[in-house]
Structures are given as structure tokens and as C-alpha cells.
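# A structural walkthrough
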Amino acid sequence: MPAYNWQQYNNYRSGDLSPADGTAAPDLTLEGFVCQAMCLEEAMLVWINVGNEGASPLTAGATLSIYGKTGMDETLLVSQPFVDILPAGQYAEAIGFQVNGIGYDQLIVRSVANEEECKLDNNELTFETPFCGAPG
């Protein structure tokens, strides 16, 4: 059951669940790493933290996608919706993706918000080959 926001934001009839914060907007950022303990040639575990460095909460969610890149060609490896509300200035718990990195020069993680953002130039994270370091 959604919280009654009409008492706080007075936007009950608009259907807009975002707080009335003027022109402030969320700003998605990404942090991540490849798990060395789970790093095999066929499968790697990539952990991604979605953050909001904007002045407003992310309320409409986003889509996280991981692409494998070889030369100029990109291939979508996995995609997943991010549906949590993410308050301003916070990071969500890490999300794990198992991907096959064989044959790719880079792994690119992109986030696309389902609402307007402050900046669009910080929604990408790139991992260069070799994705996994030598053991030890």
C-alpha cells in the first residue's frame, strides 16, 4: 500500500509520487568491481552500486545494462530493472551480475533513469581487459 503523500506534498490528484522539490532532480552514478574470487574465464561476477548524487530522490527507477565491447561493436550481455526508491545522496546495496567476458575488450555498465536527471555524462562504468587479476 503506497504512503499517503497528499498530506506532505499536496500532489494527490496528479499521480506524481515525487516530492515537490522544484527543479531539483536525481543524478545516477555507478560504482562497481569484478569479484576476483568468482572470476573464471567463462563467467565473472560483476557487482554494481547505484548511487544518487542529485538533490532529489530517484522515484521512477532505472535500467542497468552490461555490454561487452569489441572494437566498435557492443553486445548486450544482461539487463535488469532497478525499482527501488533511492534518496538523494545515498547508494543502494550492490547488485551482482554474472556475465561471460570471453572475447570482449571492455565491459560497459550503463544506467538509464526513468525520469529526468541532473547530469547524463556519469551513467557509465567501464572495465578494461584483463577483467580479472592474476591470483595471489
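Reading the values: rules and limits
- Residues numbered from 1 in each chain as written.
- Predicted model: local features only at pLDDT ≥ 70, side-chain atom pairs only at ≥ 80, totals over all residues.
- Heavy atoms only, no water.
- Helix = DSSP H or I, 4+ residues; strand = E, 2+ residues; numbered from the N terminus.
- Buried < 20%, exposed > 50% of the residue type's maximum accessible area, 1.4 Å probe, protein only.
- Lys, Arg positive; Asp, Glu negative; His and termini not counted.
- Salt bridge = Lys/Arg side-chain N within 4 Å of Asp/Glu carboxyl O.
- Phe/Tyr/Trp six-rings, centres within 6.5 Å; stacked < 30°, edge-to-face > 60°.
- Lys NZ or Arg CZ within 6 Å of the ring centre and 35° of its normal.
- Pairing = 2+ DSSP bridges.
- Axes fitted to C-alpha atoms, helices over the stretch in contact; angles between N-to-C directions.

### What about the side chain of Lys69?
Relative to the elements of secondary structure, Lys69 occurs in strand β3 (residues 62-70). The buried charged residue Lys69 lacks any salt bridge partner; its closest oppositely charged side chain belongs to Glu74, at an N-O distance of 4.5 Å.

### Some remarks on the packing of aromatic side chains
One pass over the structure, following the stated rule, counts zero aromatic pairs. Cation over ring: Arg110 sits above Tyr67, and NZ or CZ is 4.9 Å from the ring centre.

### Comments concerning the sheet that holds strand β7 (residues 106-113)
If you trace the four strands from one edge of the open sheet to the other, you get β4-β3-β7-β8, paired in antiparallel fashion. The sheet is open, and its two borders are formed by β4 (73-82) and β8 (124-128), each paired with just one other strand. Strand after strand, the sheet turns through a mean of 15 degrees between neighbouring axes, direction not considered. Note that β3 and β7 share eight bridges and pair antiparallel. When the sheet's bridge partners are listed, Gly68 is paired in β7 with Leu107.

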